[in-house]
Amino acid sequence: MGKEPEELQERPGRPTDGRTEAADAADPVGTADAGDAADATDATDVLIVGGGITGLSCALFLRHHGVRCVLVERHASTSVHPRAWGWYPRTLELLRSVGVEGAVLEAAAGYAEHRRQATVESLTGREVKAVMLPAPGDLGAVTPSRQISLGQDRMEPIVREAADRAGAVLRFGNELTSFERPEGPAGPVVATVKDRDTGAERRVRARWLVAADGGRSPVRETLGIRRVGRGTLQHQVSILFRADLTGPLAGRRFSICQIENDELKGAVLGHDDTLRRGTLILQYRPERGETPEDFTTGRSVALVRSAVGDPDLDVDVVGVLPWELAALSAERFRDGSVFLIGDAAHVVPPIGGYGANTGVHDAHNLAWKLASVLRGEAGEALLDSYDAERRPVAEATLEQAQLRLLVRSGRADGEQRRATADVLAVMLGHTYPSAAEPGARLPRFRDPAELAGEPGTRAPHVPVLLRDGGREVPGSLLDVYGGDPAPVLVHGGGTAGGDEPVWARAAAEAARRAGVRLRTAGFGAGLRDLSERGWHERYGVRADGAVLVRPDGFVAWRSAGVPADAAGALTGALRRALAREEEPA
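Here is what the cut-offs are and how they apply
- Residues numbered from 1 in each chain as written.
- Predicted model: local features only at pLDDT ≥ 70, side-chain atom pairs only at ≥ 80, totals over all residues.
- Heavy atoms only, no water.
- Buried < 20%, exposed > 50% of the residue type's maximum accessible area, 1.4 Å probe, protein only.
- Helix = DSSP H or I, 4+ residues; strand = E, 2+ residues; numbered from the N terminus.
- Pairing = 2+ DSSP bridges.
- Contact = heavy atoms within 4.5 Å.
- Axes fitted to C-alpha atoms, helices over the stretch in contact; angles between N-to-C directions.
- Polar contact = N/O pair within 3.5 Å; in protein donor to acceptor, adjacent residues only side chain to side chain.
- Phe/Tyr/Trp six-rings, centres within 6.5 Å; stacked < 30°, edge-to-face > 60°.
- Expected span 1.5 Å × (residues − 1).
- Salt bridge = Lys/Arg side-chain N within 4 Å of Asp/Glu carboxyl O.

(A) Layout of the pairing of strand β13 (residues 254-260). Counted residue by residue, β13 has five buried out of seven residues, so it is predominantly covered. Examined bridge by bridge, strand β5 (residues 116-120) and β13 share five bridges and lie parallel to one another. Following the sheet pairing, R116 is matched in β13 by F254. Of the pairings in the sheet, the one linking β13 to strand β14 (residues 265-270) comprises five bridges and is antiparallel in character.

This is the structure:
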């Protein structure tokens, strides 16, 4: 068992500690049973299968919340292939919440000028057409983060290092060979993992298993979870090569360069070190008897030389990666104690650059819910909301990618063009109608500039001054939400005797009644609003109102002002948000 390649992503056009005793950072893996060492079983909270960007992100998010986790990956290292290229602001927001955004932005700096798209006979040949993509627009009104280009081969090591530093147990070169749930589908998982170098086997007992093992997920197939959708649309192969491209590029920097000549039709993608390295992407057709094995080293060298336009070019083929352009979604993302994320759950066509981003979003949505249930602060039913929220978003995102494919090919009709949403609405404005207020109707995607604090939507970005020790630092209201797997009550002014804000008092009482932790962030009591309109207008409440925001930055509840029984209203909202309808023991 192991991960399949994540699909290639096309570049688009455009805190508290929070640890539990059970998840002590000093003991990320324990021993579940006594006896001889050879019979011992490692114990952890979550076993993650697959060490691509989705699995590594899941490990990082879990450890950020203090959850013990073990990740196994059959390959010896992260991928050398770029695979995904474009990363949207929502993904950067999530990495920002765990302190990794800065390293990612630094790594992406070399891609900043790669905005040229062209069709050529070869890199040294005639240029048929070329356009310069506009520089990414200023998104400061809707997010503190940016849209960037960065090869997945550069992104994965950053996330891996951060997850390792946070205490995740990362076992590369280890393959999941089998798993069982001896206490039933909802019970703990007991897995057998084999070291591919030594052949040694060990068992891992985990409360939950997260499958991030790719589009051909052995975990999903073992569970018999079907996939629906159009299936495989094209078979592709990526040839990663090293060569001196200084002369052929002649100072140009491509984001993507279509190659069309008598010998091939394909594309060359630029790297940040594009003068020394490139990726040639070609289609092959199994219906004609073509296979990935046809791309031998010799043939790959010849194809690269044809794409470059230099028959004598010194080419070093680093690797050949076959992959499928497909549109598929699993019929369910949860099977008892097993969860599917990323390509194991959905394979999205690369047009639009949605696939890997959606996988990171899956991981983040699931991580805070597992942490909350592990702490005993959320009911087990909260885990059902992972499928209820992420599967409809993934299916709708998959549909959007297919629409963009039709538009790009010129085969879309007027209705299909109108149904194609803006990429930022898909990636930054997706909604969770299942988390909305009863009777509310939310569109699946919303313009992020129109987000207004409705339950079930991503909380709007508001520039604020945050208190850091004895000083104030500029930031975003979004920075308040993701540091801990506990919800946050953002509130305005209004006092209830003395100088204590009425909402602070209500929050303390509601947390006591619901038996959960609730963090508060008050304007005038730790936060200073830097927005022109005022935070409350962005969130659809009055200056004395309040908004309950989940750890993933989605709104769970809001009150326009101060109700007569603020503590009672907030208690009910907390119980619903955390699936704790019953009174705590």
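(B) Layout of the sheet that holds strand β12 (residues 227-242). What the eight strands build is an open sheet, ordered β6-β5-β13-β14-β15-β12-β16-β19; its pairing is mixed. With one partner strand each, in any of the chains shown, β6 (127-132) and β19 (346-347) form the two edges of the open sheet. Examined bridge by bridge, β5 and β6 share five bridges and lie antiparallel to one another. When the sheet's bridge partners are listed, T119 is paired in β6 with K129. Along the sheet, helix α9 (residues 384-409) makes contact with β12, β13, β16 (316-330) and β19, crossing β16 at roughly 115°.

(C) A look at the side chain of S145. Relative to the helices and strands, S145 is located in the loop between β6 and β7 (148-149). For S145, a relative accessible area of 4% translates into the label buried. A distance of 3.5 Å separates a polar atom in the side chain of S145 from the backbone nitrogen of E93.

(D) Focus on the packing of aromatic side chains. This structure, assessed with the given rule, holds nine aromatic pairs. Between F339 and Y386 the ring centres are 6.1 Å apart and the planes differ by 75°, which places this aromatic pair in the edge-to-face class. Of this pair, F339 sits in strand β18 (residues 338-340) while Y386 is found in helix α9, placing the two residues 47 residues apart along the sequence. Residue F339 shares its accessibility class with Y386, and that shared class is buried. Within the aromatic cluster, the residues linked to one another by ring pairs are F333, F339 and Y386.

(E) Spatial organisation of helix α4 (residues 152-166). With 15 residues, α4 extends 21 Å between its outermost C-alpha atoms, agreeing within 8% with the 21 Å of an ideal straight helix rising 1.5 Å per residue. Listing the buried residues of α4 in full gives Q152, D153, M155, E156, I158, V159, A162 and A163. One or two steps after α4, the chain reaches G167, where phi turns positive at roughly 110°.

(F) Up close: the sheet that holds strand β25 (residues 546-549). Reading across the sheet, the seven strands line up as β21-β20-β24-β23-β22-β25-β26 and stay open at both edges, with mixed pairing between neighbours. One side of each edge strand has no neighbouring strand; the edge strands of this open sheet are β21 (471-476) and β26 (555-559). Each strand of the sheet is rotated relative to its neighbour by a mean of 25°, with strand direction disregarded. Sheet topology note: the strand β20 (residues 463-468)/strand β24 (residues 526-529) ladder contains three bridges and is antiparallel. Bridge pairing links L466 to L527 in β24. On the sheet, helix α12 (residues 502-514) packs against β22 (488-491), β23 (519-523), β25 and β26 and is oriented at approximately 160° with respect to β22.

(G) Up close: the pattern of salt bridges. Evaluation of the coordinates by the stated rule reveals 36 salt bridges. E175 serves as the salt-bridge partner of R74, at 3.8 Å between the closest nitrogen and oxygen. Here R74, found in the loop between β3 (69-73) and β4 (86-87), pairs with E175, found in strand β9 (residues 174-180); they are 101 residues apart in sequence, far enough to count as distant. A relative accessible area of 25% means that R74 is categorised as partly exposed. A relative accessible area of 13% places E175 in the buried class. The partner of D316 in a salt bridge is R242, with the nearest N and O atoms 3.3 Å apart.

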